[in-house]
Amino acid sequence: IILCVVKGQVLYSFMLLITEIRSYNCDGALVSTLPSSAFTSSSDFFSTHSPSFAKLNRRDGAGGWSPLDSNEQQWLQVDLGDRVEIVGVATQGRYGSSDWVTSYTLMFSDTGRNWKQYRKDDTVWVFTGNSNADSVVHHKLLHSMKARFLRFIPLKWNVGGHIGLRVEVFGCSYKSDIADFDGRSSLLYRFNQKLMSTFKDVVSLKFKSMQEDGVLFHGEGQRGDYITLELQKGKLSLHINLGDSNLHFTNSHTSITLGSLLDDQHWHSVLIERFNKQVNFTVDKHTQHFRTKGDSDHLDIDYELSFGGIPVPGKPGTFQRKNFHGCIENLYYNGVNIIDLAKRRKPQIYTVGNVTFSCSEPQIVPITFVSSSRSYLLLPGTPQIDGLSVSFQFRTWNKDGLLLSTELSENSGSLLVYLHGGRLTLLIQKMAEDPVEISEGCPDNFTDSQCLNPITAFQGCMRLIFIDNQPKDLILVQQGSLGNFSDLHIDLCDIKDRCLPNYCEHGGKCSQSWTTFYCDCNDTSYTGATCHNSIYEQSCEAYRHQGKTSDFFYIDSDGSGPLGPLRVFCNITEDKIWTAVQHNNTGLTRVQGAGPEKPYTMSFNYNSSSEQLEAVINSAEYCEQEAAYHCKKSRLLNTPNGIPFAWWVGRANEKHLYWGGSLPGIQQCACGLEESCLDMRYFCNCDADREEWTNDTGLLAFKDHLPVTQIVITDTNRSNSEAAWKIGPLRCYGDRQFWNAASFNTEASYLHFPTFHAEVSADISFFFKTTSLSGVFLENLGMKDFIRVEIRSPKEITFSIDVGNGPTEATVQSPTPLNDNQWHYVRAERNLKQTSLQVDNLPKKVLEAPAEGHFRLQLNSQLFVGGTASRQKGFLGCIRSLHLNGQKLDLEERAKMTPGVKPGCPGHCSSYGNLCHNGGKCVEKYNGYSCDCTGSAYEGPYCKEEVSALFEAGTSITYIFQEPYPVTKNTSTSSSAIYADAIMSKENIAFSFLTAHAPSLLLYINTYFHEYLAVILSKNGNLQVRYKLSKDGLLIFTIDSGNFANREMHRVKINREGRELIIQVCHGLFSGPFFCCVADSLTMDPEVSKANAYGFTGCMSSVWYNHIAPLKAALRHPSIAPVTVKGSLTESSCSSLTEADVNTATTIYSSSGTSLQEEKWKLKEYRSVRFPLFFTVMQLNNSTGALTVRQFQQFVYVFQS
């Protein structure tokens, strides 16, 4: 805005800013002018190799510094004279020699004690050194250091030489305002007025302390407002309460904790930015964004702010806390330099206690026990005294570790202090007499009796070690003149908080040891080493692909992304897979008494966030919500030109003035578009304002406006005016991603997408099919880092990644070729703990990540899919459903504009046809496949759902074989003739039944020539298959393995081919030629007649005869199929009946029997649980024994009970 008004003034200000930046040159050489005394080292080879000769490009002495021994314990130290800002370093080897350093690290300090390692991305940064003695290697630091002392730590050096080093440090002077607080002092910043009310605050400072608790600043008001920043157990806590204009005390208190290990006597930076309720809280490099609670936007502080403590305790709401003990630097409050005002004794600042303006530095020397097996520190005790006193401070993440062991004098025993399960334990026991020694850790050369370690060695830091009330100078230990040690970092606490930041995703709880961190994923809905992977599928389509049937499921639309799972109902049908999201009011709701001044409003709660609903809608092909408005003298949209009396609110809180069945932007209802309204002068039925009930009902189907979040009604306050509304659940179908595919037709073809940004966590998943021997699925490169997934051979998939520590490869070997032109699934994942690769259901390959080193994946090129930027050979085949960190890549859309790549990929049935069961046929679709269950006795998306019914006494089904019966009746004469002449040499019969009655007739087939096949239960419950062929006698096959009338489900399969008959019942298999003959009979034999007389009471399902499903035809197509139903036929689930606790009083019929009255009572009990009755009759050929279908002669008949 200013630029438009005063262009010249802004241009001047801009140029002035650039001039100031250019004049701020912070890259001057800091070492070249230093005196020789500024250089020290761990040792030097000769006086001619002393550290004073280690200036860059100098040839004095031997041409640089070299230590006495070349090992990793050597260092070169530079005293820069004062705290400076260091922005870069440079190194050379020793002049004219074979001595140079190839890699090194840096440490910095304000005092020459308590060093800190230079880190990048929470990793100790290793600088690349020299490749010869005289070339200069420069490094510009990613972030500057403020320090007086700098150490170079050689890690590696020339293999044919020794350590040799010349150095330069680049930077500039550093000016700051410092205040030192002694734990009893503070600075009060007093306002010009009694009350300071702010809607925006900025507080910045740096601090260092050895104390884990203390208030850095505090302010409060009489209305309950306050803001406090304090150290609590080494972490920073920000407490803020903006109060409330209505209530004096409300639940508006907000507390946020950030940082860790902040009591290490190193500088830590703090920045607090508040605008109204939004707060950004930054400690060092870690920022947390949050909103304060309560209704107020202003922070009201009375009189003053206190820094360094709370000098006047006892005010309402005041925190009773310790004052801060340490140093604060560059303290600014809303642009005011508090310390500068205090130094200049300005009246706004009141000093309490002793505040000095230079930082007093305690000379502490921490040590780090690095190794869990080799680290120890051995210190001498005081011999021949009566008693022992040892004190020290320690910190560790490990719950177990030996802290102290010593032999007590006069053979009195040994003393151990150790951590066990996080608890400190003191152990004294009798031991052999030895010299009195005190050790933290356990030396390797000690025997078990000398150094009993009941747990494990200690890993962590110690400082301020006192023995017999005398401090131990650990620098003398480092120099070799006191005690002994192994694998220690002296003058450095190298502890690291691996849970800051928390790399456990989705609310996972982080815990840690010295070497790694762990994630507790309980109650998160996610799994994996970092709680990265959702335990739920991304859509109902994915559940359907797993063979799931209609039910409630949780879906996670963005997989491993930030959105949580959402509970939906998946209506999985043969045609479409619908996803339904319910809200809090899907019923018909009446409204009265609402007017423009007092509108009726209903808001809808979907138990989800708007982002979750948008993700479901955006990933679907089609979405809808039913909108119904029933009215009696209540207008809806007030068409044609009036102001609407009702409207609905959708996505993004937008108000919409069209109704279900209409289109966006058109103020009409469905009848208006169809020109079918009751009164053609209006575009909605309800707008006719009639006294009788009518309605406007239709579907809202414009995805960008859904879901409906609110409905408003304003015309039910007139006499006799009433309305009722209904907004249905959100329903969507079609997963736009699951079948989203691209076909790569040449090895040079590929798709490219924006850079894959996944610095600390990455997952890649997709399906592929190919006939090629090898190829790259996808690749993304950085300057050095890269990520790649490829098929290296027909049986080998490899996931390669490099985050700067060298390539890591996870490879899965398949026992069978993967280039079989079938769909295969690949999922690759990388996080800070693991690299893993999963292919289909093969064992997952998991590689553990290193505990230290680089961990951020830095990519900067485009993402190549189906090809590569680094190799010639791309991928030939199809890739579909590609997800990167839960985000869906639209392969089809990109393929439309890319040569050599086609959208889509045919041939789904070749991979998934086996998912269509029980005679169902796989039907190829552009986006996937479906199962056609027309020729199956089953139904459902995979032809696995049984079609079953309950039959009561007197119920029967007759199916007449006139011609083939598909989904719709085929009346073709030619096909009927062909079918009629066909001689079938085999038959396939299957059905399931459940009953408690015997005898019963289950199945009966007969022909015009008195041939028949019957399946019955005899009176003892045995199953019999009885054949009567024209030239044979009666052939009976009896299965007497138990009583089949036992109220359990039994599956019967009968297969005959020629003279071979195979019968399967449940899990039994019986086969062989017909073996039992009875005298010929031209009529039904007595056993079948007896079974028919009693009928069948029970349940039958999935009845199948060759290509025909008579029960399914009777239930699904009774009007067009050649089927006749007599009596009551009720569809029901036999399997659910088997699970029910059927307590019916019914018994198997016997000849002695019971009275008719008892049998009727038992039948009534059975009817109450709805068991069916089913009889079927089919026919046999009169001469050949093979089944023949003859038009108008062959039929199925069901005898009635």
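Everything below is about the structure shown above.
Residues numbered from 1 in each chain as written. Predicted model: local features only at pLDDT ≥ 70, side-chain atom pairs only at ≥ 80, totals over all residues. Heavy atoms only, no water.

Asks: So what's going on with the pattern of salt bridges? Which residues, and what values?
Replies: Counted under the stated rule, the structure contains 41 salt bridges. Between lysine 633 and aspartate 689 there is a salt bridge whose closest N-O contact spans 4.0 Å. Of this pair, lysine 633 sits in the loop between β46 (620–632) and β47 (646–649) while aspartate 689 sits in the loop between α7 (670–674) and β49 (694–700), and the two are 56 residues apart along the sequence. Of the two residues examined, lysine 633 and aspartate 689, each falls in the buried class. Between aspartate 715 and arginine 718 there is a salt bridge; the shortest N-O distance is 3.1 Å. Exposure remark for aspartate 715: the relative accessible area of 2% places this residue in the buried category. When salt bridges that share partners are traced, they join Lys633, Arg635, Asp689, Glu691, Asp715 and Arg718 into one network. (Salt bridge = Lys/Arg side-chain N within 4 Å of Asp/Glu carboxyl O. Helix = DSSP H or I, 4+ residues; strand = E, 2+ residues; numbered from the N terminus. Buried < 20%, exposed > 50% of the residue type's maximum accessible area, 1.4 Å probe, protein only.)

Asks: Pulling in residues and values, what's your account of empty space enclosed by the protein?
Replies: Under the criterion given, the structure shown has six cavities of 30 Å³ or more. Its volume calculated, the largest cavity comes out at about 140 Å³. The set of elements that each furnish at least two residues to the lining of the largest cavity consists of α5 (540–545), β43 (577–581) and β52 (730–735). Looking at the lining of the largest cavity, the element that brings in the most residues is β52, giving four residues. (1 Å grid on protein atoms, 1.4 Å probe; cavity = no way out; pocket = protein on both sides within 12 Å on 5 of 7 lines; lining within 4 Å. Points joined across faces, edges and corners; volume = space filled by probe spheres on them.)

Asks: Got a sec to walk through a nonpolar patch on the surface? Specific residues and values, please.
Replies: On the surface, a cluster of nonpolar side chains totalling about 310 Å² of accessible area is made up of Phe45, Phe46 and Leu68. Here phenylalanine 45 lies in the loop between β2 (39–41) and β3 (76–92). On the accessibility criterion, phenylalanine 45 (39% relative accessible area) is partly exposed. (Patch = residues over 30% accessible without salt bridge, like charges linked within 9 Å, V, L, I, M, F, W, Y side chains within 5 Å. Areas by Shrake-Rupley, 256 points an atom, 1.4 Å probe, with all protein chains shown as cover.)

Asks: Got a sec to walk through helix α6 (residues 610–618)? Specific residues and values, please.
Replies: If you check which residues of α6 are buried, you get Gln612, Leu613, Ala615, Val616 and Ile617. The elements touched by buried residues of α6 are β41 (551–555), β42 (566–572), β43, β46 and β52. (Contact = heavy atoms within 4.5 Å.)

Asks: Let's hear about the sheet that holds strand β48 (residues 655–656): which residues, and what values?
Replies: If you trace the four strands from one edge of the open sheet to the other, you get β45-β50-β47-β48, paired in antiparallel fashion. At either margin of the open sheet sits one strand with a lone partner, and together these are β45 (600–603) and β48. The pairing of β47 with strand β50 (residues 710–713) spans four bridges and is antiparallel. The residue of β50 that forms the bridge with tryptophan 648 is isoleucine 711. (Pairing = 2+ DSSP bridges.)

Asks: Tell me what's going on with the sheet that holds strand β58 (residues 796–802), and back it up with residues and numbers.
Replies: The six strands lie next to each other as β54-β63-β56-β57-β58-β59, forming an open sheet whose pairing is antiparallel. The outermost strands of the open sheet, each flanked by one partner alone, are β54 (751–753) and β59 (808–813). Across this sheet, the average inter-strand angle for adjacent strands is 15°, counted without regard to direction. Sheet topology note: the β58/β59 ladder contains six bridges and is antiparallel. Bridge assignment links phenylalanine 799 to a residue of β59, and that residue is alanine 810. (Axes fitted to C-alpha atoms, helices over the stretch in contact; angles between N-to-C directions.)

Asks: Describe the packing of aromatic side chains, listing the residues and the values that go with them.
Replies: A full pass over the atoms with the stated rule returns 39 aromatic pairs. Their ring planes at 55° and their centres at 4.9 Å tell us that tyrosine 750 and phenylalanine 864 sit as a pair that is tilted. In this pair, tyrosine 750 is assigned in the loop between β53 (741–744) and β54 and phenylalanine 864 in strand β63 (residues 863–865), connecting sequence segments 114 residues apart. Pairing phenylalanine 767 with tyrosine 825 gives two aromatic rings, centres 5.0 Å apart and planes at 50°, and the pair type is tilted. Placement of the pair is phenylalanine 767 in strand β55 (residues 762–769) and tyrosine 825 in strand β60 (residues 824–830), with a sequence separation of 58 residues. Here tyrosine 825 falls in the partly exposed class, since its relative accessible area comes to 27%. Taken together, the aromatic side chains of Phe738, Trp739, Phe767, Tyr825, Tyr912 and Tyr929 make up a single cluster linked through ring pairs. It is arginine 880 that lies over the ring of phenylalanine 738; its NZ or CZ is 5.2 Å from the centre. For the cation-ring pair, arginine 880 lies above tryptophan 823, with the distance from its terminal atom to the ring centre recorded as 4.7 Å. (Phe/Tyr/Trp six-rings, centres within 6.5 Å; stacked < 30°, edge-to-face > 60°. Lys NZ or Arg CZ within 6 Å of the ring centre and 35° of its normal.)

Asks: A description of the nonpolar core should follow, citing residues and the corresponding values.
Replies: With 42 residues, the main nonpolar core has Tyr629, Leu636, Trp659, Trp725 and Leu730 as its most contacted residues. Looking at which element gives the most residues to this core, the answer is β46, with five residues. Residue contacts for leucine 636: discarding those within four places in its chain leaves Tyr629, Pro644, Phe645, Ala646, Trp659, Cys669, Cys684, Cys686, Asp687 and Asp696. Val947, Leu1003, Leu1035 and Ala1045 belong to the second-largest nonpolar core, a separate cluster that totals 41 residues. (Core = buried A, V, L, I, M, F, W, Y, C linked by side-chain atoms within 4.5 Å.)

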